[in-house]
Amino acid sequence: MNKNISIIGVPVDLGQTRRGVDMGPSAIRYAGVVERLEALQYDIEDLGDIEIKRPPRREIAADTNLKNLKEVADASERLAAKVDETIKANRFPLVLGGDHSIAIGSIAGISKHYESLGVIWYDAHGDLNTAETSPSGNIHGMPLAVCLGLGHPDLINIAGYNPKVKPENIVIIGARSLDDGERKLIREKGIRVYTMHEVDRMGMTAVIEETISYLSAKTDGVHLSLDLDGLDPSDAPGVGTPVIGGLSYRESHLAMEMLAEANIITSAEFVEVNPILDEKNKTASLAVALMGSLFGEKLK
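Computed from a predicted structure; not experimentally measured.

Draft legend 1. Broad picture of the sheet that holds strand E6 (residues 192-195). Spatial ordering of the open sheet is given by E2-E1-E3-E8-E7-E4-E5-E6, a layout of eight strands whose pairing is parallel. For this open sheet the edge positions go to strand E2 (43-49) and E6, each flanked by a neighbour on one side alone. Shown here is a sheet whose adjacent strand axes are inclined to one another by a mean of 15 degrees, direction ignored. Bridge count for strand E7 (residues 221-227) against strand E8 (residues 265-271) is six bridges, and the pairing is parallel. Its bridge partner being in E8, His223 is matched across the sheet by Ser267. Along the sheet face, helix H10 (residues 249-262) touches strand E4 (117-122), E7 and E8 and points at about 165 degrees away from the line of E4. Against the sheet, helix H11 (residues 282-294) engages strand E3 (92-97), E7 and E8, with an angle of about 170 degrees to E8.

Take a look at the structure:
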């Protein structure tokens, strides 16, 4: 794995309605992410936070039900440019959210550097909604669909191209809350999904082994997009859309350790840490611990 890491904070809470997730990057830094990774002999460059334009009030676009469309698109363009610069400098982009709408910008900046980018979506949700299928109009439930080229033109054309990802290059892990439109899209596109049913039946070891084999055969880089609500709320209470029955602390560390051993991850983001809803920064500390495992931390 690239030993040079650039940390990019994205204090966005515009992709959904619950306030506080914009403080996620600060909470993760406070939990010691820089010190944790420096102890693993990485060269860490903290680029600070992307500047976010905030509307005077939260708005729904006139021609659609999408909330804060203009501001989310602007943040995505800024993030895409920063990630693009980071990769050009031969550094590993580690993006800290912010709500999961930030994946629109991060993947837009990353995918242009690969012939066939793979994506591991570690999440309770599929985030495969569009304006037509979304029950809420919250863009943080749409980023994976956007990366497939499905959605509003202002979102799918971030960084000037689309699609960013092929459906056969996606693996969703930990899903347990999918809307009807998302289920239909998964079937139509043949997207590989390991729901909690599969995780429980197969075990996390088999899930990650299959994921590594599946993506290694067809991709030249793999982006990890980890939503902390993928974990059970008992371990990660500080998230905006918790869903009970999630991935455990131990399963998640195992997943990160196996990905580290496989050496396939070329970029990563950790999103949806909301310190207002958290317990003594427990969720941010968990995020940092998982980053430690992803970047090769071992007990012996």
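Following the structure, the description resumes.
Draft legend 2. Quick look at the environment of Leu148. The residue Leu148 is located in the loop between helix H5 (143-147) and helix H6 (153-156) in this model. Taking the C-alpha atoms as reference points, Leu148 and Pro167, 19 residues apart in sequence, are found 6.8 Å from one another. Setting aside anything within four residues of it in sequence, one finds Leu148 in contact with Leu128, Pro163, Val165, Lys166, Pro167, Ile170 and Ile191.

Draft legend 3. The UniProt feature "binding site: Mn(2+)" (unreviewed entry) in the chain, seen in detail. Those places that UniProt annotates as "binding site: Mn(2+)" (unreviewed entry) correspond, in this numbering, to His100, Asp123, His125, Asp127, Asp227 and Asp229. Look at the named residues: they lie 130 residues apart in sequence, but the longest C-alpha span between them is just 12.2 Å, so in the fold they bunch up. With respect to the secondary-structure elements, Asp123 resides in the loop between E4 and H5. The residues touching Asp123, leaving out its near neighbours within four places in the chain, are His100, Ile173, Gly174, Ala175, Asp227, Asp229 and Gly230.

Rules used in this analysis
Residues numbered from 1 in each chain as written. Predicted model: local features only at pLDDT ≥ 70, side-chain atom pairs only at ≥ 80, totals over all residues. Heavy atoms only, no water. Pairing = 2+ DSSP bridges. Helix = DSSP H or I, 4+ residues; strand = E, 2+ residues; numbered from the N terminus. Axes fitted to C-alpha atoms, helices over the stretch in contact; angles between N-to-C directions. Contact = heavy atoms within 4.5 Å. UniProt positions renumbered as here; feature names shortened; annotations may be inferred.

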